[in-house]
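Listed here are the chains, written in short residue letters.
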Amino acid sequence: MMKETSRKRRHHLRVPVLPEEKIHIEQQAKQAGMSVARYLREVGQGYQIKGVTDYQRVRELARINGDLGRLGGLLKLWLTDDVRTAAFSPETIHRLLARIEATQDQMTLVMRTIVRPQADQ
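Presented here is an overview of the structure given in this document. Nothing here was measured: the structure is a model prediction, and the numbers come from that model.

As a further point, take the packing of helix H1 (residues 19-32) against helix H2 (residues 36-44). Two numbers describe a pair of packed helices, the interaxial angle and the distance between the axes. The geometry of H1 relative to H2 is characterised by a closest axis approach of 9 Å and an angle of 90° between their N-to-C directions. Overall, the two elements H1 and H2 adopt an arrangement that is roughly perpendicular. Contacts from Ile 25, Glu 26, Gln 28, Ala 29 and Ala 32 in H1 reach Val 36, Tyr 39 and Leu 40 in H2. Partitioning the contact of H1 with H2 into residue classes produces 6 nonpolar, 1 polar and 1 charged.

This next bit is on unusual backbone geometry. Generally, phi is negative for residues other than glycine and the peptide bonds are trans, each holding for most cases. In this structure, Asp 81 is a non-glycine residue whose phi angle is positive, near 55°. With respect to the secondary-structure elements, Asp 81 resides in the loop between helix H3 (55-79) and helix H4 (90-115).

Computed from the structure, the largest pocket encloses a volume of approximately 660 Å³. Considering the residues around the largest pocket, the lining is formed by 16 residues, among which His 12, Leu 13, Ala 37, Leu 40 and Arg 41 are closest to the centre. Counting only elements with at least two residues in the lining of the largest pocket, the list comes to H1 and H2. Residue classes in the lining of the largest pocket are distributed as 7 nonpolar, 2 polar and 7 charged.

Let us look at the nonpolar core. Counting residues in each nonpolar core, the largest one holds 10 residues, listed as Leu 61, Ile 64, Leu 68, Leu 71, Leu 75, Ile 93, Leu 96, Ile 100, Met 107 and Val 110. Going through the elements one at a time, H3 and H4 are the ones with two or more residues in this core. Not counting chain neighbours up to four residues away, the residues in contact with Leu 61 comprise Met 107, Val 110, Met 111 and Ile 114. By size, the runner-up hydrophobic cluster in this structure holds 5 residues, among which are Ile 25, Ala 29, Ala 32 and Tyr 39.

To continue, consider a nonpolar patch on the surface. Side chains of Leu 13, Val 15 and Val 17 sit close together on the surface and give an oily, nonpolar patch of about 340 Å² of accessible area. Among the secondary structure elements, Val 15 is positioned in the segment before H1.

Taken as a whole and judged by the stated rule, the model has 5 salt bridges. Between Arg 38 and Glu 42 there is a salt bridge whose closest N-O contact spans 2.9 Å. Linking Arg 38 with Glu 42, this pair stays in helix H2, spanning 4 residues, or about one helical turn. Relative accessible area serves as the criterion here: at 38%, Arg 38 is assigned to the partly exposed category.

Thresholds applied
- Residues numbered from 1 in each chain as written.
- Predicted model: local features only at pLDDT ≥ 70, side-chain atom pairs only at ≥ 80, totals over all residues.
- Heavy atoms only, no water.
- Axes fitted to C-alpha atoms, helices over the stretch in contact; angles between N-to-C directions.
- Helix = DSSP H or I, 4+ residues; strand = E, 2+ residues; numbered from the N terminus.
- Parallel < 35°, antiparallel > 145°, perpendicular 65-115°, else oblique.
- Contact = heavy atoms within 4.5 Å.
- Nonpolar A, V, L, I, M, F, W, Y, C, P; charged D, E, K, R; others polar.
- 1 Å grid on protein atoms, 1.4 Å probe; cavity = no way out; pocket = protein on both sides within 12 Å on 5 of 7 lines; lining within 4 Å.
- Points joined across faces, edges and corners; volume = space filled by probe spheres on them.
- Core = buried A, V, L, I, M, F, W, Y, C linked by side-chain atoms within 4.5 Å.
- Buried < 20%, exposed > 50% of the residue type's maximum accessible area, 1.4 Å probe, protein only.
- Patch = residues over 30% accessible without salt bridge, like charges linked within 9 Å, V, L, I, M, F, W, Y side chains within 5 Å.
- Areas by Shrake-Rupley, 256 points an atom, 1.4 Å probe, with all protein chains shown as cover.
- Salt bridge = Lys/Arg side-chain N within 4 Å of Asp/Glu carboxyl O.

Nothing here speaks to function; it is all geometry.
Pasting the structure below:
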């Protein structure tokens, strides 16, 4: 039995649309990262279309997540009374906690730009 993706599609559907409908459909397909044909095929079969996330923002989230991991590691060392953190003053720990909070806020802002449409911001 052949895979669905390797089978040749031989039947075509013709759907008349207005110029503004054509533009809208093309924009929706592009936003979903699909060709117009694939977009219409999936919508026509009842699939829920999800947009493609901006890879630049995903990389930024990964970087921020790494920062949080490193900051959390420092805090963990301090909490376990590790010898390497014996010289940490309470002020240093407060700055570390503030940095963690600021980094979480930064991550939240980036996530909002991904999740919310531009018009809602």
